[in-house]
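Each chain, written out:
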Amino acid sequence: MLLTSSETALNDEADPLSIIVDQVNQCFSQADTFFGTRFKRSSCNFKQRGRAAGTAHLQKNELRFNYFMYLQDSVEFLSTVVPHEVAHIIVFQIYGNSVKPHGKEWQAVMFRVYGIRPSRTHTFDVPPQKHNYEYRCACQKHQFTKQRHTRAQRGTEYVCKKCRSSLQFMTP
Ligand SMILES: [Zn+2]
Ligand SMILES: [Zn+2]
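Residues numbered from 1 in each chain as written. Chains lettered and ligands numbered in written order. Predicted model: local features only at pLDDT ≥ 70, side-chain atom pairs only at ≥ 80, totals over all residues.

For the rest of this paragraph, the subject is the nonpolar core. One recurring pattern in soluble globular proteins is that nonpolar side chains are buried together. Grouped together as the largest cluster of nonpolar side chains are 27 residues, with contacts concentrated most on Val24, Val82, Val86, Ala87 and Ile90. Residue assignment for this core shows that the elements contributing at least two residues are helix H2 (16-35), strand S3 (62-65), helix H3 (67-72), helix H4 (74-95) and helix H5 (104-113). Every residue in contact with Val24, bar those within four places of it in the chain, is listed here: Ser42, Cys44, Leu63, Val82 and Val86. (Core = buried A, V, L, I, M, F, W, Y, C linked by C-beta atoms within 7 Å. Buried ≥ 20, exposed ≤ 12 C-beta atoms within 10 Å, placed from the backbone. Helix = DSSP H or I, 4+ residues; strand = E, 2+ residues; numbered from the N terminus. Contact = placed C-beta atoms within 7 Å.)

Set out below in structure tokens:
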């Protein structure tokens, strides 16, 4: 959408953060042109973890991106996640805190500046949860969190909703 194929090929050798920074700056330039102003550029990093593809830290003017998701599909990431987060910064620099994060102002920037149908969610896989504990009943496997596992080990009994048999810890 925002990348031409020649740019993608050139960027293959570049380090991922500078590819992100280039795309962020391109999104800012498009907004500058659209609004006839110059927005303050954000700092960028790969500190985002967990389920979010990226977050915009408005007061710090900082964008955090999820490297795990960037690696899954960098072209998709650059053409959806980056404009999504930059749009939050643009809206904040115009309206401050007075509007909703994914409200009509943000949607308008997404659609009119970037030509993207606004969506608040992404389609990337979420990193696997660490410290999952596998339990088994008579019919299937169950994943327990650490807290639940601790409770089970201290004597709380868990029963499968489907087969009604009690769950047993599978020693790894
Ligand atoms: Zn958002
Ligand atoms: Zn069962």
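Moving on from the model shown.
Here H4 crosses H5 at 125°, and the two axes come no closer than 9 Å. Classified by the angle their axes make, H4 and H5 are oblique. For the element pair H4 and H5, the recorded crossing hand is right-handed. When H4 is examined against H5, the residues Pro83, His84, Ala87, His88, Ile90, Val91 and Tyr95 are found in contact with a partner set consisting of Glu105, Trp106, Val109 and Met110. Here the contact of H4 with H5 is built from residues that sort into eight nonpolar, two polar and one charged. (Axes fitted to C-alpha atoms, helices over the stretch in contact; angles between N-to-C directions. Parallel < 35°, antiparallel > 145°, perpendicular 65-115°, else oblique. Left-handed = near helix turned anticlockwise from the far one by under 90°. Nonpolar A, V, L, I, M, F, W, Y, C, P; charged D, E, K, R; others polar.)

To continue, consider the confidence of the model for the protein chain. Confidence in the prediction of the protein chain, expressed as mean pLDDT, is 90, and 90% of residues score 70 or more. In the model of the protein chain, helix H1 (residues 5-11) stands out as the element of lowest mean pLDDT, 47, in contrast to S3, which has the highest, 98. The model gives residues 3-11 a pLDDT under 50, and that stretch makes six contacts with residues more than four places away or in other chains. (pLDDT = per-residue confidence, 0-100.)

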